[in-house]
Amino acid sequence: MSKISAADVKKLRETTGAGMMDCKNALVEAEGNFDKAIEVLRKKGQKIAAKRADRESTEGVAITKISDDNTYGVAIVLACETDFVAKNDSFKKLASEFVDVAFNCKTKEEFLAADFGGIPVTEKLIEQTGVIGEKIDITSFERIEAPYVGAYTHVGKIAAIVGLSAAVDKADVLTKDLAMQAASMGATTLSYKDFDPAYVAAETEARIAAIVKDNEELVRLGKTLKNIPQFVSRLQLTDEALAAAEQEAKEQLKAEGKPEQIWDKILPGKIERFISDNTTLDQEQALLDQKFIKDEKKTVAEYIKTYGNVEVKTFARVTLG
């Protein structure tokens, strides 16, 4: 049997990331042949991966990388099974190495087939499953391109990348704020204009039904009832809908005995409240229509306008789970 030196074990460990005893045993099995020892470790990874294929990998690291000229960026999630592994420095280093590979790819499929130290990313994931002993997977891959791209990552759990239509002054601040907004508030689309009408109709029905059910319990408890909206998106607020809301507001003012000469001062506020109460879907899911987290008196769209002639071209968000 070939003598296995400490230097050989160290070299194999540095190459594969496997534990010291795993590396020594692999070298023994391979009779000192370095390449065969790597293959032994990969086969071990395949066996472990097969056993753990049905496990949920809901922990991990979300990470981004932006080009030096800020014209494109990627965001990925390297997932694992436990928070213990996700917090390990070697796992974080592995995530950084994966995002370096992802950085040169246009799609997730291209990324998974890309070379990682002489083997495809898919095989590297299997190898590392054997090394770490948990299911390792790439659960998210996003790439965007724009005249200016910036990013924000929240404690390695959520990451967002945002692309602007122009590299305006302080674009780095704007993109970080917008990426933070997307990461924190979970927007799924850019504007309410992007919603499918059928989706909005289904959400309207479901949300109203949920409030009605809540109100039944509030009645039982003798508490104040929730307001039941007519709509949930600006997409539904036609000129006719807004005119009807204004007419209803006027009738309320008349019933309250408010002098007609001051209605013009009161009506804008009532219409603004009506719009707010009837656009909850937009405020939850459409980035531009959300309240800006650093100043809730503004919408995100209004905040962007303070930077001049610039728009959000695209954005993407990745998260664990």
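The structure this text deals with has already been given above.
Attention here is on the structure that accompanies the text. (Residues numbered from 1 in each chain as written. Predicted model: local features only at pLDDT ≥ 70, side-chain atom pairs only at ≥ 80, totals over all residues. Heavy atoms only, no water.)

By way of backbone hydrogen bonds, the strands of a sheet pair with one another, either parallel or antiparallel. The three strands are arranged 6-7-10 in an open sheet whose pairing can be described as antiparallel. At either margin of the open sheet sits one strand with a lone partner, and together these are strand 6 (148-154) and strand 10 (312-319). Adjacent strand axes in the sheet meet at a mean angle of 15 degrees when their direction is disregarded. Sitting on the sheet, helix 8 (residues 171-185) touches strand 6, strand 7 (158-164) and strand 10, and the angle it makes with strand 7 is about 135 degrees. (Pairing = 2+ DSSP bridges. Helix = DSSP H or I, 4+ residues; strand = E, 2+ residues; numbered from the N terminus. Axes fitted to C-alpha atoms, helices over the stretch in contact; angles between N-to-C directions. Contact = heavy atoms within 4.5 Å.)

Phi angles above zero are rare outside glycine, and Val 155 is one such case at about 40 degrees. When you line up the elements, Val 155 lands in the loop between strand 6 and strand 7. For Val 155, a relative accessible area of 64% gives the class exposed. (Buried < 20%, exposed > 50% of the residue type's maximum accessible area, 1.4 Å probe, protein only.)

Considered as a void within the structure, the largest pocket measures approximately 740 Å³ in volume. Around the largest pocket sit 23 residues that line it, and Leu 288, Asp 289, Thr 299, Ala 301 and Glu 302 are the ones nearest its centre. Broken down by secondary-structure element, the contributors of at least two residues to the lining of the largest pocket are helix 11 (263-277), helix 12 (280-285), strand 9 (295-299) and helix 13 (300-305). Of all the elements, helix 13 adds the most residues to the lining of the largest pocket, at four residues. In terms of residue class, the lining of the largest pocket is made up of seven nonpolar, five polar and 11 charged. (1 Å grid on protein atoms, 1.4 Å probe; cavity = no way out; pocket = protein on both sides within 12 Å on 5 of 7 lines; lining within 4 Å. Points joined across faces, edges and corners; volume = space filled by probe spheres on them. Nonpolar A, V, L, I, M, F, W, Y, C, P; charged D, E, K, R; others polar.)

With respect to the element layout, Thr 129 can be found in helix 7 (residues 121-132). Residue Thr 129 is classed as buried on the basis of its relative accessible area of 3%.

As a further point, take helix 9 (residues 197-221). Taking 1.5 Å per residue, 25 residues should reach 36 Å; helix 9 reaches 36 Å between its end C-alpha atoms and fits that length. Within the sequence span of helix 9, burial applies to Val 200, Glu 203, Thr 204, Arg 207, Ile 211, Asn 215 and Leu 218. Lining the buried residues of helix 9 we find helix 12. Taking the backbone nitrogen of Ala 198 as reference, a side-chain oxygen 2.7 Å away marks Asp 196 as the first, capping residue of helix 9. Once helix 9 ends, the next one or two residues include Gly 222, with phi positive near 70 degrees. (Expected span 1.5 Å × (residues − 1). Polar contact = N/O pair within 3.5 Å; in protein donor to acceptor, adjacent residues only side chain to side chain.)

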